[in-house]
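Analysis of the macromolecular model
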Amino acid sequence: MGNRPGKSTKLAHASSSLSFDEKREPVHSRKQSFHDSSGINDSSVLSNLQSFTYNDLKNATRNFRADSLLGEGGFGCVFKGWIDENTFAPCKPGSGMVVAVKKLKPESFQGHREWLAEVHYLGLLHHKNLVRLIGYCSEFDNRLLVYEVMAKGSLENHLFKKRVQIIPWPTRISIAVDVARGLSFLHGLEANVIYRDLKASNILLDSDFNAKLSDFGLARDGPSGDRTHVSTRVVGTTGYAAPEYVASGHLTPKNDVYSFGVVLLELLSGKRATGDENAGGADETLVEWAKPFLSDSRRVLRIMDTRLGGQYSKKGAQIAASLVLRCLDIDPRLRPTMDEVLATLELVQEPKDIMKSSQQINQTR
Ligand SMILES: Nc1ncnc2c1ncn2[C@@H]1O[C@H](COP(=O)(O)OP(=O)(O)OP(=O)(O)O)[C@@H](O)[C@H]1O
Ligand SMILES: [Mg+2]
């Protein structure tokens, strides 16, 4: 959410129709307190989430101390905090359960809408590849969100930052499978949910490098019935957003497929979607830099991350690279569905990784 120097920039321009969150601007629920202006109007959402006071979260994060900072985005800062597993009351660092507390910058009106969309979607949707939202705080102008903490932080931090351990090939593919599974779950829902902001910083990793989607602020319901798309104002992030969406604001699940292609390309190449010195710098996006290689079977492996030191399956890399090319097709109708993407990536996974994934799937049944 939001623009930051040195990172891919956010897209936003005038709306041609109402967006999900605009349609749901505040309708107060009986459960809300008199100074709760959250606008959460769905009883299932409210019953699934814990409501925190501002004071609880201030205590849980030791007054939002700088040394508890996990990261910062356009929405605000994310702090580490501790709460009791049963009562959810704040507790001492190192005891109880560790959580990530995201604090919205008070001046951000756009942020409130995104906050509300996040609470709605993550309050209703549960899947092993979506980050778990534990609760929220809406008190006067304060808007906060409390999530399960993801020990290894974002994929962005692991893939691009210097002095971090290189992510090996099988883990990169298993991250791609996890992300594909999360998106395929969203697209398969009756509401046809479109995530709209897939990028490396919104993919969080747990201690075993299992990946989950975070940040549902821009998500919205997809087209239903005979409609081929929904019209929206253009939001998302440069370098990841599909070109036809940027040009028209027409939103379909295939926009997420394009962004997935960009993330998969980042996983293969270890290069950032925009502004990477080794892939076109400021003049070209990663997609523009990679396309000539992706469409030439003799040169395709030139896109691969040299830090892998050749430690990857050549056949697997070729299959993944041709999948990237299909996801990035200029014509959205020719892009695969997320179900097809998932099936292809599962073929690339090593047998031991598949065993690990299927064990995890059985555990969640
Ligand atoms: N649940 C979490 N567990 C651990 N770290 C987290 C969690 N949520 C966020 N973070 C860290 O905080 C950083 C900031 O997250 P945030 O979603 O606010 O911004 P962003 O995704 O980096 O950028 P943008 O604002 O463009 O979405 C993340 O990149 C990640 O490193
Ligand atoms: Mg984010």
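Residues numbered from 1 in each chain as written. Chains lettered and ligands numbered in written order. Predicted model: local features only at pLDDT ≥ 70, side-chain atom pairs only at ≥ 80, totals over all residues.

**Comments concerning the environment of Asp221**
Within the element layout of this structure, Asp221 appears in the loop between β9 (211–213) and β10 (230–231). When the C-alpha atoms of Asp221 and Glu190 are compared, they prove to be 9.1 Å apart, with 31 residues separating the residues in sequence. (Helix = DSSP H or I, 4+ residues; strand = E, 2+ residues; numbered from the N terminus.)

**Things to note about the site of ligand 1**
Lining the immediate environment of ligand 1, one finds 23 residues, of which Gly71, Gly73, Gly74, Ala100 and Ser201 sit closest. Those elements giving two or more residues to the shell around ligand 1 turn out to be β3 (69–72) and β5 (97–104). Among the elements that take part in the shell around ligand 1, β3 stands out by supplying three residues, more than any other. Classifying every residue of the shell around ligand 1 gives ten nonpolar, ten polar and three charged. Lining the shell around ligand 1 are residues from two domains, each supplying at least three of them: domain 1 (43–148) and domain 2 (153–364). (Near = placed C-beta within 6 Å. Nonpolar A, V, L, I, M, F, W, Y, C, P; charged D, E, K, R; others polar. Domains from an automatic or database assignment.)

**Observations regarding unusual backbone geometry**
You will see that Phe140, though not glycine, has its phi angle at about 50°, which is positive. Along the polypeptide, Phe140 turns up in the loop between β6 (133–139) and β7 (142–148). Despite not being glycine, Phe209 has its phi angle at roughly 65°, a positive value. Overall, the presence of 18 C-beta atoms within 10 Å leaves Phe209 in the partly exposed class. (Buried ≥ 20, exposed ≤ 12 C-beta atoms within 10 Å, placed from the backbone.)

**Description of the UniProt feature "binding site: ATP" (unreviewed entry) in the protein chain**
Here the UniProt feature "binding site: ATP" (unreviewed entry) sits at Lys103. With respect to the helices and strands, Lys103 occurs in strand β5. Dropping the residues within four chain positions of it, Lys103 is found in contact with Phe64, Gly76, Cys77, Phe79 and Leu144. (UniProt positions renumbered as here; feature names shortened; annotations may be inferred. Contact = placed C-beta atoms within 7 Å.)

**Section: the nonpolar core**
Grouped burial of nonpolar side chains is what soluble globular proteins tend to show. If you look at the biggest cluster of nonpolar residues, it comprises 92 residues, and the most contacted ones within it are Val146, Val179, Ala180, Phe260, Leu264 and Val324. Shared between two domains, this core takes at least three residues from each, and those domains are domain 1 (43–148) and domain 2 (153–364). Not counting chain neighbours up to four residues away, the residues in contact with Val146 comprise Phe52, Leu57, Val99, Val101, Ile134, Gly135 and Tyr136. (Core = buried A, V, L, I, M, F, W, Y, C linked by C-beta atoms within 7 Å.)

**A short note on the packing of helix α8 (residues 253–269) against helix α10 (residues 314–327)**
Contact geometry of α8 with α10 gives a least axis separation of 8 Å together with a crossing angle of 145°. Once α8 is placed against α10, the crossing between them reads as left-handed. Contacts between α8 and α10 involve Val257, Tyr258, Phe260, Gly261, Leu264, Leu265 and Leu268 from the first element and Ala317, Ala320, Ala321, Leu323, Val324 and Cys327 from the second. Across the contact of α8 with α10, the residue classes tally to twelve nonpolar, one polar and no charged. (Axes fitted to C-alpha atoms, helices over the stretch in contact; angles between N-to-C directions. Left-handed = near helix turned anticlockwise from the far one by under 90°.)

**Points about the environment of Leu49**
With respect to the helices and strands, the residue Leu49 is situated in the loop between α2 (43–48) and β2 (50–51). Looking at Leu49, the number of C-beta atoms within 10 Å reads 19, which means it is partly exposed. As a C-alpha pair, Leu49 and Leu122 span 73 residues in sequence and 9.2 Å in three-dimensional space. Beyond its immediate sequence surroundings of up to four residues, Leu49 is in contact with Val119, Gly123, Leu133, Gly135 and Tyr136.

**Let's talk about the sheet that holds β5**
Read across the open sheet, the six strands follow the order β2-β6-β7-β5-β4-β3; overall the sheet is mixed. With partners counted over all chains shown, the strands left at the sheet margins are β2 and β3, one partner each. Here β3 pairs with strand β4 (residues 76–83) via three bridges, running antiparallel. Paired with Glu72 across the bridge in β4 is Cys77. (Pairing = 2+ DSSP bridges.)

**A short note on helix α11 (residues 338–348)**
Taken residue by residue, α11 has Met338, Val341, Leu342, Leu345 and Val348 as its buried positions. The arc that holds every buried residue of α11, seen down its axis, measures 115°, which confines them to one face. Looking at the buried residues of α11, the elements they touch are α6 (169–188), α8 and α10. (Arc of directions from axis to C-beta.)

**Digging into helix α9 (residues 286–294)**
The complete set of buried residues in α9 reads Leu286, Val287, Ala290 and Leu294. One side of α9 carries all its buried residues, which in axial view fall inside an arc of 80°. Of the exposed residues in α9, those oriented more than 90 degrees away from the buried face are Glu288 and Pro292. The inward-facing, buried residues of α9 abut α8 and α10.

**Let's talk about the packing of α6 against α11**
One way to put it is that α6 packs onto α11 with a least axis distance of 9 Å and a crossing angle of 155°. In terms of their interaxial angle, α6 and α11 are classed as roughly antiparallel. Of the two elements, α6 crosses α11, and the hand of that crossing is left-handed. Contact residues: α6 offers Ile173, Ala176, Val177, Ala180, Arg181, Leu183, Ser184 and His187, while α11 offers Met338, Asp339, Val341, Leu342, Leu345, Glu346 and Val348. (Parallel < 35°, antiparallel > 145°, perpendicular 65-115°, else oblique.)

**Details of the confidence of the model for the protein chain**
Chain-level pLDDT for the protein chain is 86 on average; 85% of the residues reach the 70-or-more range. In this model, residues 360–365 is a region of pLDDT below 50 whose contacts with residues beyond four sequence positions or in other chains number two contacts. (pLDDT = per-residue confidence, 0-100.)

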